[in-house]
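Analysis of the macromolecular model
As a plain string of letters, each chain reads:
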Amino acid sequence: MKKLPIPIWFRFAAAVGMSLAPCYGALNLPPVLQGIGIEQRLNSALPLDTEFRDETGASVPLRKYFGARPVLLAPVYYRCPMLCSQILSGVVAGLRPLSLQPGRDFDVVVFSFNPDETAADAAAKRDFYTRRYSRRAGTAGWHFLTGSQASIDAVTKAIGFHYRRDPQSGMFIHASGVMIVTPEGRLARYLYGVEYQPKDLKLALMEASHNRIGTRVDQVLLFCYHYDPSTGKYTLVVLNLLKGVASLTVIGGALALMLLWRGERKS
């Protein structure tokens with residue numbers, strides 16, 4: 001019997017689902033989707049000496065984009081018909097409301113895991129998404145890279161990004177997510193899916209910068225929110241604390257009533 005290709009929409013839904021799952025291996029997926037996902041490797045170092053090509057075709061080490069600012073790292077491929085465009089659109093939508101700016105407070109480094117793509121592909125995507133971000137800001141802080149299979153393998157292995165090329169369609173089966181990396185090149189946070197909340201992006205970038213960016217009010221927010229690695233999001237610790245205090249208040253009230261009732265019986 002002839003094997004039917006997996007529809008694009010199914011791959012898209014499955015990839016997003018795997019990105020949001022705490023353990024992608026636990027999902028009941030078709031064999032072609034097994035082993036696809038993002039494995040967190042927090043605090044692991046990126047191979048910064050790995051060579052890529054920038055939008056002009058020049059050979060550059062990954063180290064060029066590190067040292068001064070935190071980095072939002074996005075693994076995609078530029079000819080992707082659906083999911084990668086959603087990822088990059090989600091990054092743009094999440095960054096647009098922030099007071100933090102690419103090129104000043106952080107950098108965006110997008111790299112293609114398709115070794116067949118060219119600097120022209122990278123340049124076209126950079127122009128498109130930087131215009132969507134802001135027509136006045138220009139391309140400062142936005143870097144779109146291509147590389148050899150060896151370079152791609154070195155980085156995808158370091159970040160725990162597992163993907164596969166479909167031999168029937170030539171497209172790549174992959175999960176969706178971005179990583180926030182410290183200026184020293186260590187993985188600090190993973191954000192999953194195709195939509196990234198401005199709050200999550202801001203807090204992750206601030207933490208990765210070692211609190212060197214953001215206002216004093218922003219710094220206070222870091223005490224209120226807690227990063228949950230299983231979801232790749234920040235949760236409000238204050239609400240949980242208030243819930244705990246409320247529970248203790250109820251328990252304390254019940255104990256006080258019990259003691260009063262016992263005292264009345266003795267009287």
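On a predicted model such as this, the values are computed, not experimentally measured, just so you know. (Residues numbered from 1 in each chain as written. Predicted model: local features only at pLDDT ≥ 70, side-chain atom pairs only at ≥ 80, totals over all residues. Heavy atoms only, no water.)

1. Section: the pattern of salt bridges
Note that side chains of opposite charge can pair when their charged atoms are close. Stated precisely, the cut-off is as follows: One side-chain nitrogen of Lys or Arg within 4 Å of one carboxyl oxygen of Asp or Glu is enough to make a salt bridge. Secondary structure counts use DSSP, requiring at least four H or I residues in a row for a helix and at least two E residues in a row for a strand, with both numbered from the N terminus. Residue exposure (1.4 Å probe, protein chains only): buried if accessible area is under 20% of the type maximum, exposed if over 50%, otherwise partly exposed.
Across all of its chains, the model carries nine salt bridges by this definition. For the salt bridge of glutamate 207 with arginine 189, the shortest nitrogen-to-oxygen distance reads 3.1 Å. Within this pair, whereas glutamate 207 is found in helix H5 (residues 198-208), its partner arginine 189 is found in strand S11 (residues 187-192), the two being separated by 18 residues in sequence. Of the residues examined, arginine 189 reaches a relative accessible area of 18% and is grouped as buried.

2. Quick look at the nonpolar core
For clarity, the cut-off: Buried Ala, Val, Leu, Ile, Met, Phe, Trp, Tyr and Cys residues form a nonpolar core when they are joined through side-chain atoms within 4.5 Å. Every residue pair with non-hydrogen atoms within 4.5 Å of one another is taken to be in contact.
One finds Leu46, Leu62, Leu72, Leu95 and Ile159 to be the most contacted residues of the largest nonpolar core, which totals 63 residues. Counting residues per element, this core draws most heavily on helix H2 (residues 83-95), which supplies seven residues. Filtering out sequence-adjacent residues up to four positions away, leucine 46 remains in contact with Leu62, Phe66, Leu73, Ala158, Ile159, Val181, Gly185 and Leu187.

3. Here we look at the sheet that holds strand S10 (residues 177-181)
As a reminder of what qualifies: At least two DSSP bridges between two strands are needed for those strands to be called paired. The convention used is that axes are lines fitted to C-alpha atoms, helices contributing only their stretch in contact, and that angles between N-to-C directions extend from 0 to 180 degrees.
Spatially, the five strands line up as an open sheet ordered S6-S5-S4-S10-S11, and their pairing is mixed. Only two strands of the sheet have a single partner each, and these edge strands are strand S6 (142-145) and S11. Taken over all neighbouring pairs, the strand axes of this sheet differ in orientation by 20° on average, direction set aside. Pairing of strand S4 (residues 71-76) with strand S5 (residues 107-112) involves six bridges; the strand directions are parallel. Within S5, the position partnered with valine 71 by the bridge is aspartate 107. Along the sheet, H2 makes contact with S4, S5, S6 and S10, crossing S4 at roughly 160°.

4. Thoughts on the packing of H2 against helix H3 (residues 119-133)
Just so we agree on the cut-off: Crossing handedness: left-handed means the near helix sits turned counterclockwise from the far one by under a right angle, and right-handed means the same turn made clockwise. Amino acids are sorted into nonpolar (Ala, Val, Leu, Ile, Met, Phe, Trp, Tyr, Cys and Pro), charged (Asp, Glu, Lys and Arg) and polar (every other residue, Gly among them).
One way to put it is that H2 packs onto H3 with a least axis distance of 9 Å and a crossing angle of 35°. Helix-helix and strand crossings are classified by hand; for H2 and H3 the assignment is right-handed. Listed contacts from H3 to Ser85, Leu88, Ser89, Val92 and Leu95 of H2 are Lys125, Tyr129, Arg132 and Tyr133. Classifying every residue of the contact of H2 with H3 by side-chain character gives five nonpolar, two polar and two charged.

5. Details of unusual backbone geometry
The phi torsion at asparagine 43 lies on the positive side, around 75°, for a residue other than glycine. Mapped onto the elements of the fold, asparagine 43 is located in the loop between strand S1 (37-38) and strand S2 (51-53). Since its relative accessible area comes to 52%, asparagine 43 is described here as exposed.

6. Points about H3
The periodicity of an α-helix, 3.6 residues per turn, causes residues three or four places apart in sequence to face the same way. Keep this limit in mind: How far a helix is expected to stretch is found by multiplying one less than its residue total by 1.5 Å. The reported arc concerns the directions from the helix axis to the C-beta atoms and nothing else.
For H3, with 15 residues, the first-to-last C-alpha span of 21 Å sits near the 21 Å given by 1.5 Å per residue. Of the positions making up H3, those classed as buried are Ala119, Ala122, Ala123, Arg126, Tyr129, Thr130 and Tyr133. Buried residues of H3, viewed axially, fall in a sector of 145°; they line one side. Turning to H3, the residues buried within the fold contact H2 and S6.

Functional significance is not addressed by these values, which are geometric in nature.
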